[in-house]
Structure formats: structure tokens, C-alpha cells
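Observations on the three-dimensional arrangement
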Amino acid sequence: MTPPPLAPGGTIGILGGGQLGRMLALAAAELGLRSHVYCPDPDSPAFDVTRHHTCAAYDDEAALSRFVDSVDRVTFEFENVPHFTVAFLASKVPVLPGERALRLTQDRLDEKHFVSSLGLSVAPFAAVDSAADLGAALRDIGRPAILKTRRFGYDGKGQIAIRGETDPESVWSEIGNAPCVLEGFVPFALECSVIVARSAAGQIAPYEIVENHHENHILKTSTVPARVSAETANEAERIGRVIAEALDFVGVLAVELFVTRQNGREALIVNEIAPRVHNSGHWTQDGCLVSQFEQHMRAVAGWPLGSPHRHSDVVMTNLLGVDADLWEHYASEAGTALHLYGKSSARAGRKMGHINRLGLPRR
Ligand code: AMP
């Protein structure tokens, strides 16, 4: 049963205290909602922006009980929330998006089966549970290919590229004998993503497709408009809708896409689904009336969604590690919005903040 909308003054619990949790809490505050951030890391950037936070392990039942008693809804900023935590909390308050979306997106193999069952394209794939499976899958799929752990992979971690000469036995031991998926290499022209919000009432608001560039497996820039045809842009939105509906999703999700070009024709291949707000959606903070963070909080609170319409061209650039030391420079740049996460140590590659550079407004 759909609970009634949460009125301003209500409290949304957020699992995870990183930059995404921080920006979700800020968006909640803009709507007059309170947030309570739960995270085991005492140095969580999201703790700085809300009066209510709990620093405890995800399996600490006493802390979870106190947390859940203080909130009306729960959401999360990362997909690897332990099953126990979600089940424990969901027995007391709505946890959105639900367990099904989490379960499916925590396992690359289940996710690939699910996406293909919707009639959407994915890279050729095969389950790999041993070095022998890997050899067979490589014969089937061919090289180059990418071996990915089924669980806990992000920013290129838990992945090994297999080229012509690589020996399956050594790859299998390098990946740590973990259950995996082998994927055929997609010769993509561009990497893109689509961010979609779905409300409890079934309203769907897709943002425009965005073009992404990675450096060392970490997102560096996201640009709108993406250099794709109008048909591809529409197809990306359709893919987002189909996935959100099939998951009965409530909140914001991201679908990472490969754009291929062959004989002048563009096609989209689904790489992966993130059941949460996403780095490639940060441009919406300054390029749209309603950002992905506000949209997610609206959905979780049971409110109507806002407009995902883009009013400006945007290039979002992640500030990684010492990039953020140039904050004063970015703060003085005309047409640039600076977002810093308040993290104390700037390890190499660590996401410290981002900038949104705005182009001319669209008519
Ligand atoms: P993922 O963790 O699955 O998002 O992969 C990280 C990055 O690796 C992607 O953004 C791509 O640049 C690359 N990649 C992953 N899978 C494939 C694939 N099947 N074919 C080509 N490149 C891939």
C-alpha cells in the first residue's frame, strides 16, 4: 500500500554518508524535510549538513532500531547496502527504492538477465565460476572481453580486460576466484547515461541523455547535450522508463549506456543500472529546475515529481584529489557553479567536489 505523502517536517533516513548522501540531505532541507544520515564512517561528509546522524555499523541492531524510530522513510546513497539492514528497516518503515531493485542491481549477472528479459540490448555475457568456465566463455564470446566480479564492483574495480594474449588461469586467480560475468568488449563510440525518476504514483520523469568521459575508470566529465541523434536521445529515455517501470522503482536511478555507430546507425547498449542518484546526474543541479537529488527526495516522500526539463547546456567536471585545491579559481569563474563535499583528505582520485559550467540558455 502506498503511504500518504510525507509532509514538510517529516524525516527521511539516508543510509550512507558520502557526497551523494550529503547532496540528498541538502535537497531534503530545501523542501522543508529533515534527514537523518546513518553511516559507519565518523568522517562522513553528509554528517556536516544535518543535525541528525548516527555513526554505527550497518549490522548494529540497537543503533538501527533507534535510527528507524526517528525516521518516516529510509533511502540510500549506495547500492551495496547489506540485505540484513534493508530487511530490518523495511519491517518498520518504507525503504525506497525497494529491496527488489537493490537485490537485482547488486549482482551483475542477475541484472544482465533482467535487462535482456526486457528486450533491451546488453553486451554478450556468460556466467563464470571457474577457470574452466572462463576458457569456455572466452571461446564463445571471443576477445577482447572484460571479466567483472558479479558483486561489489565500482569505478572499474573488480574488472580485468582480457586481450589476445592473456591466459585465463592467471586472470581467474587475479580476480580472486570470485563469481564473475564475462562480457564481450563493446566497441562504443560514446559512453552516455540516462537518469530517471519515478514516483510512488507511477509518474516518470527522465532527464536528457548525458555524455560521459572517464579517466582511469573514474568519471571525469558529463556533458549535455550529448552528441547523439534525436532518435538516440528518445530511445535512452524509453530505456530509462522501461527499466524504472519494470522494477516498480520509486526514486532516481541511472542507466549507463554504450552508444555504438555502425554504417551510420546509432544503437544503445545497457552497461549497468545504479539504483540511486548518480555522479553523471550532477549536472541537473544547475542545468534543470529540479535536480536529481530533489527529484529523489520528492519520490521518496511520495510527492509529485518536478520538471526534468534542461534549461542550459552544462559540462560537469569532477574535482578529483588535488584538483579541488583550485577552488578559488573555480569560485571566480563566470558561469561556473562550484560544489565541494567538505572532505578533509584529498587522496589521488578521490571525489572532492565538482563544477558545473553553464553554456548559453536554450530557447
Ligand atoms: P562498469 O564498472 O561496468 O561501469 O565499467 C567501467 C568502465 O569500463 C565503463 O565505463 C567502460 O569504459 C568500460 N567497460 C565496461 N564494460 C565494458 C564492455 N563490455 N565493453 C567495453 N568497455 C567496457
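Notes on the structure in this doc start here. (Residues numbered from 1 in each chain as written. Predicted model: local features only at pLDDT ≥ 70, side-chain atom pairs only at ≥ 80, totals over all residues. Heavy atoms only, no water.)

Let us now look at the site of the ligand. Among the 15 residues in the neighbourhood of the ligand, the closest are listed as Lys148, Gln159, Glu183, Val186 and Glu191. A distance of 2.8 Å is found between an oxygen atom of the ligand and a side-chain nitrogen or oxygen belonging to Lys148. Val186 has a polar backbone atom sitting 2.8 Å from a nitrogen atom of the ligand. Alone, the ligand offers 480 Å² of accessible surface; in the complex the protein occludes 92% of this. Secondary structure elements with two or more residues in the shell around the ligand: β6 (145-149), β8 (180-184), β13 (251-262) and β14 (265-274). Looking at the shell around the ligand, its residues break down into five nonpolar, four polar and six charged. (Near = heavy atom within 4 Å. Polar contact = N/O pair within 3.5 Å; in protein donor to acceptor, adjacent residues only side chain to side chain. Areas by Shrake-Rupley, 256 points an atom, 1.4 Å probe, with all protein chains shown as cover. Helix = DSSP H or I, 4+ residues; strand = E, 2+ residues; numbered from the N terminus. Nonpolar A, V, L, I, M, F, W, Y, C, P; charged D, E, K, R; others polar.)

Attention now moves to the layout of surface pockets. The computed volume of the second largest pocket comes to approximately 330 Å³. With three residues, helix α4 (residues 99-105) is the largest single contributor of residues to the lining of the second largest pocket. Partitioning the lining of the second largest pocket into residue classes produces 13 nonpolar, three polar and five charged. Composition of the lining of the second largest pocket by domain shows at least three residues from each of domain 1 (11-95) and domain 3 (190-361). (1 Å grid on protein atoms, 1.4 Å probe; cavity = no way out; pocket = protein on both sides within 12 Å on 5 of 7 lines; lining within 4 Å. Points joined across faces, edges and corners; volume = space filled by probe spheres on them. Domains from an automatic or database assignment.)

Let's shift gears to the sheet that holds strand β7 (residues 159-162). Paired through backbone hydrogen bonds, the strands of a sheet run either parallel or antiparallel to each other. Read across the open sheet, the four strands follow the order β5-β8-β6-β7; overall the sheet is antiparallel. Looking at strand neighbours, the two that pair on one side only are β5 (125-128) and β7, the edges of this open sheet. Across this sheet, the average inter-strand angle for adjacent strands is 20 degrees, counted without regard to direction. Note: β6 against β7, four bridges, orientation antiparallel. Bridge assignment links Leu147 to a residue of β7, and that residue is Ile160. Across the sheet, helix α5 (residues 108-117) is in contact with β5, β6, β7 and β8; its angle to β5 comes to roughly 150 degrees. Strands β5, β6, β7 and β8 of the sheet are contacted by helix α6 (residues 131-141), whose axis makes an angle of about 170 degrees with β5. (Pairing = 2+ DSSP bridges. Axes fitted to C-alpha atoms, helices over the stretch in contact; angles between N-to-C directions. Contact = heavy atoms within 4.5 Å.)

Pairing is possible between side chains of opposite charge, provided their charged atoms come close. Using the criterion set out here, one finds 16 salt bridges in the structure. For the salt bridge of Arg150 with Asp107, the shortest nitrogen-to-oxygen distance reads 2.9 Å. Taken together, the residues span a long stretch of sequence, with Arg150 in the loop between β6 and β7 and Asp107 in the loop between α4 and α5 at a distance of 43 residues. For Arg150, a relative accessible area of 19% translates into the label buried. The network of salt bridges with common partners includes Asp107, Asp110 and Arg150. (Salt bridge = Lys/Arg side-chain N within 4 Å of Asp/Glu carboxyl O. Buried < 20%, exposed > 50% of the residue type's maximum accessible area, 1.4 Å probe, protein only.)

A few words now on helix α10 (residues 292-301). Count 3.6 residues to each turn of an α-helix, and residues three or four apart come out pointing the same way. Counting buried positions over the ten residues of α10 gives ten, a clear majority of the element. Regarding α10, the residues found buried are Gln292, Phe293, Glu294, Gln295, His296, Met297, Arg298, Ala299, Val300 and Ala301. Measuring from the side-chain oxygen of the N-cap residue of α10 to the backbone nitrogen of Phe293 gives 3.2 Å; that N-cap residue is Ser291. A positive backbone phi angle near 80 degrees is found at Gly302, which sits one or two residues after α10.

This paragraph deals with the nonpolar core. Formed by 59 residues in total, the largest nonpolar core has its most connected members in Leu15, Leu33, Tyr38, Val74, Leu89 and Trp283. The dominant element in this core, judged by the number of residues it contributes, is helix α1 (residues 19-30), at six residues. There are two domains that each give this core at least three residues, and those are domain 1 (11-95) and domain 3 (190-361). Contact partners of Trp283, with chain neighbours within four places excluded, come to Tyr207, Glu208, Val210, Val224, Cys288, Arg310, Val314, Met316 and Asn356. If you look at the next biggest cluster of nonpolar residues, it comprises 28 residues, including Val115, Leu247, Val270 and Ile273. (Core = buried A, V, L, I, M, F, W, Y, C linked by side-chain atoms within 4.5 Å.)

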